[in-house]
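Close look at the chain arrangement
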Amino acid sequence: MEIVIDRPYADYAKDIGRMCEQINHRENINATVFYTGYLDGINNPFVLEWFEHPAVGPVVVIVANDYLPNGSAHSVNWAGLAKINKKFIVVTEVYNAEQDCILPTNCQLVHMGPSLVAEPRYYAQTPPQITKNLLAGPHWVCLNRSTRPQRMLLASVLADLELGVNGDANGLLKIDSRNHGTRWPIKDFHGWRDLLALGIQHVTDYDQLTPWSMDSQLEQRLNRGWHMIWNHCHTVQDHADYVDNFGQQLNNHENFDQRLRSYYQTAVVELVPETLYFTQGHLVSEKFTNSVMGLCLPVMLAPAGTVAYLRDLGFDMFDDVIDHGYDSQPDPVRRAFELVERNRTLLHNPEQARTAWLRCWNRLISNCERVVSGLLRQQCLDSFTADYTAAVRRLK
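Attention in this report is confined to the structure presented alongside it. (Residues numbered from 1 in each chain as written. Predicted model: local features only at pLDDT ≥ 70, side-chain atom pairs only at ≥ 80, totals over all residues. Heavy atoms only, no water.)

1. What to know about the overall build of the chain
Across its full length, the chain holds 15 helices and eight strands. In the chain, which comprises 396 residues, the proportion classed as buried is 59%. Residue pairs at least 24 apart in sequence account for 77% of intrachain contacts in the chain once pairs closer than 6 positions are excluded. Total accessible area on the chain is roughly 16,300 Å²; 48% of this is exposed by carbon and sulfur atoms. (Helix = DSSP H or I, 4+ residues; strand = E, 2+ residues; numbered from the N terminus. Buried < 20%, exposed > 50% of the residue type's maximum accessible area, 1.4 Å probe, protein only. Contact = heavy atoms within 4.5 Å. Areas by Shrake-Rupley, 256 points an atom, 1.4 Å probe, with all protein chains shown as cover.)

Right under this line is the structure:
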């Protein structure tokens, strides 16, 4: 049974599923492999009923083509799986996802690698942005396609420091404001404390996954930044990323080439707003891949520990240029402030940033090669093979 979304990551999920079948056969495990687009597909009562069918093996391997629902393992219907007299191995691209939920005794989680390992052959068709205009234009960018709470949090921090707004030519803060008024009340703003709580609840279906604090000074600064954004509407730009001139959906590499490349022609630093933020699980998506292919020095708006995770994957995170001290800050509100304030000079001083970029050029190219060469993909496949084999053996 399959529920598969049409995207390059689905190909990688199929490769993972075939590896699962091979290991199951080698380890003499009677298992059924089930593919789903988003992991909350298993919350469907018909899917749960299907799992109970006698034709389905005593072990069910669930391979999710995409990240955990709403960014949180907490949102999966683990209680539904717990009631089924079978054992489950859930395969997901979210690293450390087990920290965001209490797994039933009949379930295990196995990490299959981040989505960026799925697309090397696609991005290999698209040359990186190796040339830059270092004489004019914004030297840093923050590209936000949707108004997720963490992105509006970062935007408010930037605006409070008058970075990317109010005539600041050094940076480009880009936000897509279309069709998001129904997700959470962007313009009906009554203060950051309530809005952030609502945003976290929307993302996670949980009151809070990681503790956060909001003293009056931070709230005042966020309110100031928020109102500055909406009082200077030229900084909030509608755009049609992921859609070509004929209204057709673009894949990630096509979107980079057709819609985003122009932004990377002057940018040497990028504030990368990842999909997950308020969780302990890490999701490294095409947003980081685009930054690598755009040859930007990355500052990550992501869960704590994401920078360390990327280092473990073999990426140069340019610690001699970027202060990644924010990566160890568990409080998501303070982490957003820290990542900007620790790198404020880099954002304020285009000459310093461009000089550092020139010095790091060969290392930036090495990161690109790590994405497109397939070396990272093989590293993740090898790691998955070992982890999945261990999970299967624990079933015996």
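2. Considering the sheet that holds strand β1 (residues 31-36)
Spatially, β1-β2-β3-β4 is the arrangement adopted by the four strands of the open sheet, whose pairing is parallel. At either margin of the open sheet sits one strand with a lone partner, and together these are β1 and β4 (107-111). Strand after strand, the sheet turns through a mean of 20° between neighbouring axes, direction not considered. Two strands pair when backbone bridges link them, and strand β3 (residues 87-92) and β4 are joined in this way by five bridges, in the parallel orientation. Residue pairing across strands places V91 opposite V110, the latter belonging to β4. Relative to β4, helix α15 (residues 375-393) is tilted by about 170°, and along the sheet it contacts β2 (59-64), β3 and β4. (Pairing = 2+ DSSP bridges. Axes fitted to C-alpha atoms, helices over the stretch in contact; angles between N-to-C directions.)

3. Brief notes about the pairing of strand β8 (residues 297-301)
For β8, the buried fraction is high: five of the five residues fall into the buried class. Every second residue of β8 is oriented toward a common face, with L297, V299 and L301 on one face and P298 and M300 on the other, all of them buried. Pairing between strand β7 (residues 269-273) and β8: five bridges, direction parallel. Bridge pairing in β8 links L271 to V299.

4. Structural notes on the pattern of salt bridges
Considering all chains together, one arrives at 17 salt bridges under this definition. Ionic pairing is found between R224 and D160, a salt bridge with its closest N-O pair at 3.3 Å. With R224 in helix α7 (residues 216-231) and D160 in helix α5 (residues 149-160), this pair connects stretches of sequence that are 64 residues apart. Classification of R224 by relative accessible area gives partly exposed; the value is 38%. Among the residues examined, D160 registers a relative accessible area of 11% and is labelled buried. It is possible to trace a salt-bridge network through shared partners that takes in D160, E162, R221, R224 and E341. (Salt bridge = Lys/Arg side-chain N within 4 Å of Asp/Glu carboxyl O.)

5. A look at the side chain of H139
If you trace the backbone, H139 turns up in the loop between α4 (120-123) and β5 (140-144). When residues no more than four places from it in sequence are discounted, the contact partners of H139 are N170, T266, A267, V268, V269, L346, L347, N349, P350, A353 and R354.

6. Remarks on the layout of surface pockets
Here the second largest pocket is characterised by a volume of approximately 170 Å³. Secondary-structure elements contributing two or more residues to the lining of the second largest pocket are α10 (306-312) and α15. A per-element tally of the lining of the second largest pocket places α15 first, with five residues. (1 Å grid on protein atoms, 1.4 Å probe; cavity = no way out; pocket = protein on both sides within 12 Å on 5 of 7 lines; lining within 4 Å. Points joined across faces, edges and corners; volume = space filled by probe spheres on them.)

7. Focus: the packing of helix α9 (residues 286-293) against helix α14 (residues 361-372)
Put simply, α9 and α14 touch, their axes get as near as 8 Å, and they point 135° apart. The pairing of α9 with α14 is recorded here as oblique in orientation. The way α9 lies across α14 gives a crossing that is left-handed. Contacts between α9 and α14 involve T289, V292 and M293 on the former and, on the latter, N367, C368, V371 and V372. Across the contact of α9 with α14, the residue classes break down as five nonpolar, two polar and no charged. (Parallel < 35°, antiparallel > 145°, perpendicular 65-115°, else oblique. Left-handed = near helix turned anticlockwise from the far one by under 90°. Nonpolar A, V, L, I, M, F, W, Y, C, P; charged D, E, K, R; others polar.)

8. Structural notes on empty space enclosed by the protein
To find leftover empty space, a probe the size of one water molecule is rolled over the atoms. Enumeration over the complete set of coordinates arrives at one cavity of 30 Å³ or more. Along the walls of the largest cavity sit F288, S291, V292, C296, P298, F318, L364 and N367, which together make up its complete lining. Listing elements by their share of the lining of the largest cavity, those giving two or more residues are α9 and α14. Of all the elements, α9 adds the most residues to the lining of the largest cavity, at three residues. Of the residues in the lining of the largest cavity, the class split is six nonpolar, two polar and no charged.

9. Examining helix α8 (residues 252-264)
Three- or four-residue spacings in an α-helix give side chains the same orientation, since the helix completes a turn every 3.6 residues. With 13 residues, α8 should reach 18 Å at 1.5 Å per residue; the first-to-last C-alpha distance of 15 Å falls well below that figure. Approximately 45° is the largest bend angle found in α8, and it occurs at Q258. Buried within α8 we find N252, H253, N255, F256, L260, R261, Y263 and Y264. (Expected span 1.5 Å × (residues − 1). Bend = angle between axes of the 7 residues up to and from the residue.)

By themselves, these figures tell us nothing about what the structure is for.
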